[in-house]
Amino acid sequence: MTNEIKHHPTDETLVAYASGTLDEARRLVVAMHLSRCAVCKGEVARYEAIGGALLEQAPVVALKPGALEAALRSIGHDSALDLTDGTDPLWEYELGPWRWVGPGVRQRVVSVPEVGGMKVFMLKAAPGTKLPHHKHAGYEWTCVLEGAFEHEFGRYGPGDFDEADETMEHRPTVSAGERCICIVALQGNIHLQSRLGRLLQPLIKL
């Protein structure tokens, strides 16, 4: 599967993941990609080693009040995204039931706390489904888990990572022959662009 992955997070995203500066929603979607991509997993390890070396050279400073307690509280939660033991990054999260959001499309919520308008969910779409032409209010990061979809920027199969923001518009189509399941971190809501899409916007639960 690793050799088939063609779309990866940007270097900036991998550095942010390695340094722990991503919000939990986007960090989880990146972790899902890393669990399937040895190349990016190796890059993250390299960035972590560089960061560790820089910390060793940094001058010693006093901790802020409460910093140690905050770090200890985060250890157990962050372990959900630790890929060293081979567990799926989703194992700690609750998954909601599949619900209808549009023709041929189902959605289930992933229990990541919503912060800054970022939410996580999984999408399941039937083969050949044409998703509406849309743009985004903010970030939309997607990792394909099964099947494939295509849009203006290429074809995305298992393990591929699609990193979009408010500057991009998409017209995704699920590839024929197999359903597509993705995990998505979305900031805000999508905005449908066609006239029909704007009429249907209140019915689309994304």
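Keep in mind the model is a prediction, meaning the values are calculated, not measured. (Residues numbered from 1 in each chain as written. Predicted model: local features only at pLDDT ≥ 70, side-chain atom pairs only at ≥ 80, totals over all residues. Heavy atoms only, no water.)

**Student:** Any chance you could explain the confidence of the model for the protein chain here in plain terms?
**Tutor:** Atomic detail in the predicted coordinates should be set aside for any region of low pLDDT. Confidence along the protein chain averages 79 in pLDDT terms, with 69% of residues attaining 70 or more. Averaged pLDDT values over the elements of the protein chain bottom out at 40 in helix α5 (residues 195–200) and peak at 96 in helix α2 (residues 24–34). Segment residues 70–82: pLDDT under 50, and 18 contacts once partners within four positions in sequence are set aside and those in other chains are kept. Taken as a whole, residues 193–204 scores under 50 in pLDDT and shows 17 contacts with residues more than four places along the chain or in a different chain. (pLDDT = per-residue confidence, 0-100. Helix = DSSP H or I, 4+ residues; strand = E, 2+ residues; numbered from the N terminus. Contact = heavy atoms within 4.5 Å.)

**Student:** Explanation requested: the pattern of salt bridges in the structure shown.
**Tutor:** Between side chains of opposite charge, a pair can form as their charged atoms come close. Taken as a whole and assessed by the stated rule, the structure comprises four salt bridges. The salt bridge involving Arg26 is made with Asp23; its shortest N-O contact spans 2.6 Å. Residue class for Arg26 comes out buried when judged on its relative accessible area of 14%. Taking the shortest distance from any N to any O, the salt bridge between Glu43 and Arg46 comes out at 2.9 Å. With a gap of three residues between them, Glu43 and Arg46 both fall in helix α3 (residues 38–57), about one helical turn apart. With a relative accessible area of 42%, Arg46 lands in the partly exposed category. (Salt bridge = Lys/Arg side-chain N within 4 Å of Asp/Glu carboxyl O. Buried < 20%, exposed > 50% of the residue type's maximum accessible area, 1.4 Å probe, protein only.)

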